[in-house]
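Close look at the chain arrangement
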Amino acid sequence: MVVEGLKKYFEIRKSFLETLVSRKREFIKAVDGISFEVGKGEVLGLVGESGCGKTTTGRVILRLEEPTEGRAFFDDIDLFSLNGEELRKMRRRMQIIFQDPYASLNPRMKVGEIIAHPLKIHGLSEGREKDTVLEFLEMVGLTPAEDFYNSYPHQLSGGQRQRVAIARALVLHPEFIVADEPVSMLDVSVRATILDLMMKLKEKMGLTYLFITHDLATAKYVCNRVAVMYLGKIVEMGSIDRVFEEPLHPYTKALLSAIPIPDPTVKRERLVIGGEVPNPINPPPGCRFHPRCPFATERCKQEEPQLVEVEKGHKVACHLAA
Ligand SMILES: Nc1ncnc2c1ncn2[C@@H]1O[C@H](COP(=O)(O)OP(=O)(O)OP(=O)(O)O)[C@@H](O)[C@H]1O
Ligand code: SF4
Ligand SMILES: [Mg+2]
């Protein structure tokens, strides 16, 4: 997956009265010019606080939302130029796992029907879908499969529901998965088992993941590389090991400071930042992080730092670090 200069702006709908006062159109700059790659078999983490544009990025790549600008390629296919039958075919190869296993499963459908549904939509059922569904139930650890086949979502726990959602996403044998906070709504005790399952299935089925999470500790557990987003931009990107060992952007340092360190002999520089993510309608000028950054200078308020490579594969957008 290659993404270049991706932007997604949402126009703010104004009331009739507001349009009389100002005709100016206003936009929420949810994603504001980001570029990244996810190599085959890789897990790229997309990390950042609420509202920084992670979900929007995933949805636009899957064409669940139309891009404002930019390009995206999968297997050299230009995703944003696909239409009709071509887009339908591509949808089989790219799937999403949502955050909320309670909202994402139709409560009136049996688990068996939920997993068979994508097969039906894509005309792949051929009367053998029950065998396929049972096989996938086994694969995601819902056994005895026959029992789960006939149950309804409300009879399952959060973790079991997320296993159903994973089976549904994988039943078409996709290659690329956007996993949007797949464990953040689950009980802490089952998170690791669901993540382990996702990684096991990645190996088994040759998957590539864009793994969205607000939590760097989860990213460290599953990702090879990580891209840190702030207000619609990528501020740091690199291998998970290097970003953890030597975070370069103050925002990444602050996110890392929030993670408890299990080993008391390991010291990590702590950086606590205050405030909240500003409004993405009028992002701050210069470096978008400057109102919250303890190191901000005059230059930071005026000049926007570009994302530059400071060591192989490790990029940062900060005047101090580059
Ligand atoms: N359909 C939409 N219409 C208008 N604004 C939207 C829409 N979807 C998202 N936004 C806005 O775009 C910005 C980015 O939202 P997005 O959901 O991508 O963030 P996120 O990083 O996934 O946050 P979270 O961690 O809360 O899921 C937010 O300000 C959000 O309110
Ligand atoms: S560019 Fe300036 S304000 Fe932005 S993160 Fe770096 S030091 Fe802080
Ligand atoms: Mg989100």
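Quick summary incoming for the structure in this document. (Residues numbered from 1 in each chain as written. Chains lettered and ligands numbered in written order. Predicted model: local features only at pLDDT ≥ 70, side-chain atom pairs only at ≥ 80, totals over all residues. Heavy atoms only, no water.)

The subject of this paragraph is the sheet that holds strand β3 (residues 43-47). Here eight strands make up an open sheet; going across it, the order is β6-β7-β8-β3-β9-β10-β12-β11 and the pairing mixed. Strand pairing shows two members of the sheet lacking a second neighbour, β6 (94-97) and β11 (308-311), which therefore form its edges. Across the sheet, the mean angle separating the axes of adjacent strands is 20° when strand polarity is ignored. Direction of pairing for β3 relative to strand β9 (residues 225-230): parallel, over a ladder of four bridges. Pairing of L46 across the sheet is with A227, part of β9. Most of the contacts of helix α2 (residues 54-61) go to strand β8 (residues 208-213), to which it runs at about 150°, and overall it touches β3, β6, β7 (176-180), β8 and β9. (Pairing = 2+ DSSP bridges. Helix = DSSP H or I, 4+ residues; strand = E, 2+ residues; numbered from the N terminus. Axes fitted to C-alpha atoms, helices over the stretch in contact; angles between N-to-C directions. Contact = heavy atoms within 4.5 Å.)

Attention now goes to the site of ligand 2. Around ligand 2 sit 13 residues, and of these C287, C293, C300, C318 and H319 come closest. Residue composition of the shell around ligand 2, grouped by class: 10 nonpolar, three polar and no charged. (Near = heavy atom within 4 Å. Nonpolar A, V, L, I, M, F, W, Y, C, P; charged D, E, K, R; others polar.)

Once that is clear, we can look at the packing of helix α7 (residues 158-170) against helix α8 (residues 188-205). Running from N to C, α7 and α8 cross one another at 15°; their axes reach a closest spacing of 10 Å. Relative to α8, α7 is oriented roughly parallel. Crossing angle aside, the handedness with which α7 passes α8 is right-handed. Between α7, through G159, Q162, R163, I166 and L170, and α8, the contact on the second element is made entirely by V190, T193, I194, L197, M198, L201 and M205. Class assignment of the residues belonging to the contact of α7 with α8 gives a composition of eight nonpolar, three polar and one charged. (Parallel < 35°, antiparallel > 145°, perpendicular 65-115°, else oblique. Left-handed = near helix turned anticlockwise from the far one by under 90°.)

With that out of the way, let us pick up the sheet that holds strand β2 (residues 27-37). Across the sheet, which stays open at both edges, the four strands sit in the order β2-β1-β4-β5 with antiparallel pairing between neighbours. Only two strands of the sheet have a single neighbouring strand rather than two, namely β2 and β5 (77-78). Strand direction decides the pairing type here: strand β1 (residues 2-11) and strand β4 (residues 69-74), joined by four bridges, are antiparallel. Counted as the bridge partner of K7 is E69 from β4.

Another point: the packing of aromatic side chains. Inspection of the entire model under this criterion finds five aromatic pairs. Judged by centre distance (6.3 Å) and plane angle (45°), the rings of Y9 and F27 are tilted. One end of the pair, Y9, is in strand β1; the other, F27, is in strand β2, with 18 residues separating them in the sequence. Judged by its relative accessible area of 22%, Y9 is partly exposed. F27 sits in the partly exposed class, given a relative accessible area of 27%. (Phe/Tyr/Trp six-rings, centres within 6.5 Å; stacked < 30°, edge-to-face > 60°. Buried < 20%, exposed > 50% of the residue type's maximum accessible area, 1.4 Å probe, protein only.)

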